[in-house]
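# Report on the structure
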Amino acid sequence: MLDAKLVRTQLNEVAEKLQKRGYQLDIEKIRALEEQRKVMQVECENLQQERNSKSKGIGKAKAAGEDIAPLLKEVENLKGALSQAESNLSAVQTELDDIVAGIPNLPADEVPEGKSEEDNVEVSKWGEPRSFDFEIKDHVDVGAALGGLDFDTASKLTGSRFAVMTGSVARLHRALIQFMLNTHTGEHGYSEIYVPYIVNKDSLFGTGQLPKFEEDLFKLNDDRDLYLIPTAEVPVTNVLRNEIIDENKLPLKFACHTPCFRSEAGSYGRDTRGMIRQHQFEKVELVQFVKPQNSVQALEDLTGHAETILQKLNLPYRKVILCGGDIGFSSTKTYDLEVWLPSQDTYREISSCSSFGDFQARRMKARFRNAETGKPELLHTLNGSGLAIGRTLVAILENYQQADGSIDIPEVLQPFMNGETCITVA
RNA sequence: GGAGAGGUGGCCGAGUGGCCGAAGGCGCUCCCCUGCUAAGGGAGUAUACCUUGAUCGGUAUCGAGGGUUCGAAUCCCUCCCUCUCCGCCA
């Protein structure tokens with residue numbers, strides 16, 4: 001959420017910055033509502049003040065044993081006027097709040113102009129895509145040949161966009177999780193954290209999935225308004241919702257493995273083959289809470305932590321900065337890491353690292369106490385995938401495939417695979 | 001699933017209709033005293049918003065949302081959460 005005061009006082013500047021995202025702010029509407037709000041709020045507060053002071057008078061008169069009947073009469077008229085004023089105000093306030101809650105974050109200055117994915121700008125590239133001297137298979141065929149990846153059974157169990165893994169492939173999948181968590185906690189200073197996979201609406205509002213993106217979520221069918229998490233970002237970031245933490249505890253860095261559940265509504269034709277786009281996938285997520293002045297550097301660091309994983313796995317990738325049109329609702333700046341997929345002859349997203357400034361923190365009321373001033377201030381939040389497990393598995397199956405259909409196991413994963421060095425065709 | 005207790009400020013904890021944004025204590029900050037790793041005295045110490053040049057001032061907030069009342073932390077209703085005991089269970 002943007003600062004309501006900023007929206008009010010610098011409406012034109014805000015609108016202009018939002019244009020980069022292709023978001024049209026309804027300036028006139030906001031101005032008009034704001035005008036009304038102001039008048040109504042003052043009116044309402046005046047009436048409340050009057051009521052409060054008269055009520056106090058009644059209390060005193062009663063204590064003094066005086067007749068309070070005339071005083072009661074005086075207040076009588078206030079009641080109607082006040083409740084009218086209150087409902088007027090709350091109607092306008094609600095409308096304004098809804099609008100402000102629906103405004104996306106302002107993109108950072110360095111975010112490039114652009115409408116879509118096509119306009120994202122490559123920042124760097126790492127590794128050389130391997131050249132194959134045999135006919136390569138995509139991960140679906142590699143996995144099938146290994147006897148460890150089965151989409152038919154998954155669709156029998158549940159439906160489309162799910163996978164069943166068995167044997168060494170399942171183990172490799174688990175190894176990736178262990179390897180990533182160990183690396184981030186052991187080398188990058190993150191604390192491991194375990195969280196619920198089901199969250200309430202307040203949490204989803206806090207990180208920005210609600211109210212605008214409900215169709216991306218799986219909602220539980222009971223009367224408690226609970227949802228499956230679409231990413232660990234939601235529970236982990238909301239750990240600090242409605243909290244004020246000591247400045248000396250910052251920065252706070254969490255690494256978290258969870259499954260992620262996404263309904264993928266509106267992506268019917270896309271990536272239907274294989275496990276690129278699933279309703280359920282595993283991810284190791286990195287989340288940081290930092291002081292405002294440190295968030296720019298923190299995004300670079302966090303992205304670097306995700307890159308480290310790709311480098312240790314020796315997977316070629318590139319880093320792009322998302323353009324205004326492709327950046328997420330809550331994000332002020334996002335780097336995507338895209339891994340090389342030989343079967344698609346292109347780079348595909350495997351991690352998305354974002355800085356949110358105080359946008360999420362304001363929605364969540366996540367604050368720290370400034371040791372110098374003693375006053376609470378909004379935190380800055382960041383997160384990034386480090387990495388998406390399913391897609392990493394895909395990348396390994398494809399990049400490490402051999403002519404005989406087997407795959408080599410990256411060295412860093414071998415300790416988690418009982419020392420196995422390759423997975424052979426069943 | 002059954003029975004009961006409770007949710008108040010950074011923490012503990014009073015408060016069952018008005019003078020309560022909230023006693024008292026702890027913690028913290030500043031000052032005084034004291035010359036030593038003690039103690040004592042004083043002042044201050046929630047958040048958001050409105051107003052203001054800045055103060056002053058005003059409004060709201062005592063788990064959440066409704067209601068009763070001139071007036072609600074206090075009464076009523078609904079919901080959420082925590083704790084204890086029993087049952088069940090990975």
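Residues numbered from 1 in each chain as written. Chains lettered and ligands numbered in written order. Predicted model: local features only at pLDDT ≥ 70, side-chain atom pairs only at ≥ 80, totals over all residues. Heavy atoms only, no water.

If you check the shell around RNA strand B, you find 21 residues, and the closest are Arg 8, Lys 38, Gln 48, Ser 55 and Pro 376. Backbone atoms, meaning sugar and phosphate, form 72% of the atoms of RNA strand B found within 4 Å of the protein. Between RNA strand B and Gln 41 there is a distance of 3.2 Å, counted from a sugar or linking oxygen to a side-chain nitrogen or oxygen. Here a sugar or linking oxygen of RNA strand B and a side-chain polar atom of Gln 48 are 2.8 Å apart. Along the lines of polarity and charge, the residues of the surface near RNA strand B split into 4 nonpolar, 6 polar and 11 charged. (Near = heavy atom within 4 Å. Polar contact = N/O pair within 3.5 Å; in protein donor to acceptor, adjacent residues only side chain to side chain. Nonpolar A, V, L, I, M, F, W, Y, C, P; charged D, E, K, R; others polar.)

Here we come to the confidence of the model for chain A. Averaged over chain A, the pLDDT score is 92; the fraction of residues at 70 or greater is 100%. Predicted complex metrics record ipTM = 0.84 and pTM = 0.91. (pLDDT = per-residue confidence, 0-100.)

Below, the discussion takes up the layout of surface pockets. Roughly 390 Å³ of volume is contained in the second largest pocket. As for the second largest pocket, its lining consists of 25 residues, and the residues nearest its centre are Asn 105, Leu 106, Ala 108, Thr 332 and Gly 357. When contributions to the lining of the second largest pocket are tallied by element, the ones reaching two or more residues are helix H10 (295-312) and helix H11 (359-364). For the lining of the second largest pocket, the leading source of residues is H10, giving 4 residues. Each residue belonging to the lining of the second largest pocket can be placed in one class, and the counts come to 11 nonpolar, 6 polar and 8 charged. (1 Å grid on protein atoms, 1.4 Å probe; cavity = no way out; pocket = protein on both sides within 12 Å on 5 of 7 lines; lining within 4 Å. Points joined across faces, edges and corners; volume = space filled by probe spheres on them. Helix = DSSP H or I, 4+ residues; strand = E, 2+ residues; numbered from the N terminus.)

Here we take up empty space enclosed by the protein. Vacant regions in the atomic arrangement are exposed by a probe of water-molecule size rolled over the atoms. Overall, the coordinates contain 1 cavity of 30 Å³ or more when judged by the stated rule. Space inside the largest cavity adds up to approximately 30 Å³. Lining the largest cavity are Ile 276, Val 339, Leu 341, Arg 348, Glu 349, Ile 350, Arg 391 and Val 394. Secondary-structure elements contributing two or more residues to the lining of the largest cavity are strand E11 (333-341), strand E12 (346-355) and helix H12 (389-399). If one sorts the elements of the lining of the largest cavity by residue count, E12 sits on top with 3 residues. Its residues assigned to classes, the lining of the largest cavity comprises 5 nonpolar, no polar and 3 charged.

This paragraph deals with the packing of helix H3 (residues 27-63) against helix H4 (residues 69-101). Angle between the axes and distance between the axes: these two values describe a pair of packed helices. Closest axis-to-axis distance for the H3/H4 pair is 8 Å, and the angle between their directions is 150°. When the axis of H3 is compared with that of H4, the two are roughly antiparallel. The element H3 and its partner H4 pack so that their crossing is left-handed. (Axes fitted to C-alpha atoms, helices over the stretch in contact; angles between N-to-C directions. Parallel < 35°, antiparallel > 145°, perpendicular 65-115°, else oblique. Left-handed = near helix turned anticlockwise from the far one by under 90°.)

Moving on, we get to the pairing of strand E9 (residues 280-290). In terms of burial, E9 is largely enclosed, as 10 of its 11 residues are buried. Sheet topology note: the strand E8 (residues 252-261)/E9 ladder contains 10 bridges and is antiparallel. The partner of Phe 261 across the bridge, within E9, is Gln 280. By the bridge criterion, 7 bridges tie E9 to strand E15 (residues 380-388) in an arrangement that is antiparallel. Directly across from Lys 283, in E15, lies its bridge partner Ala 388. (Buried < 20%, exposed > 50% of the residue type's maximum accessible area, 1.4 Å probe, protein only. Pairing = 2+ DSSP bridges.)

Our focus in this paragraph is the sheet that holds strand E7 (residues 243-246). Pairing in this open sheet of 3 strands is mixed, and the strands run E7-E13-E14 from one edge to the other. Strands with a single pairing partner mark the edges of an open sheet, and in this sheet they are E7 and strand E14 (376-378). When strand polarity is set aside, the average angle formed by the axes of neighbouring strands in this sheet is 40°. Across 3 bridges, the pairing between strand E13 (residues 366-369) and E14 is antiparallel. Bridge assignment links Phe 368 to a residue of E14, and that residue is Glu 377.

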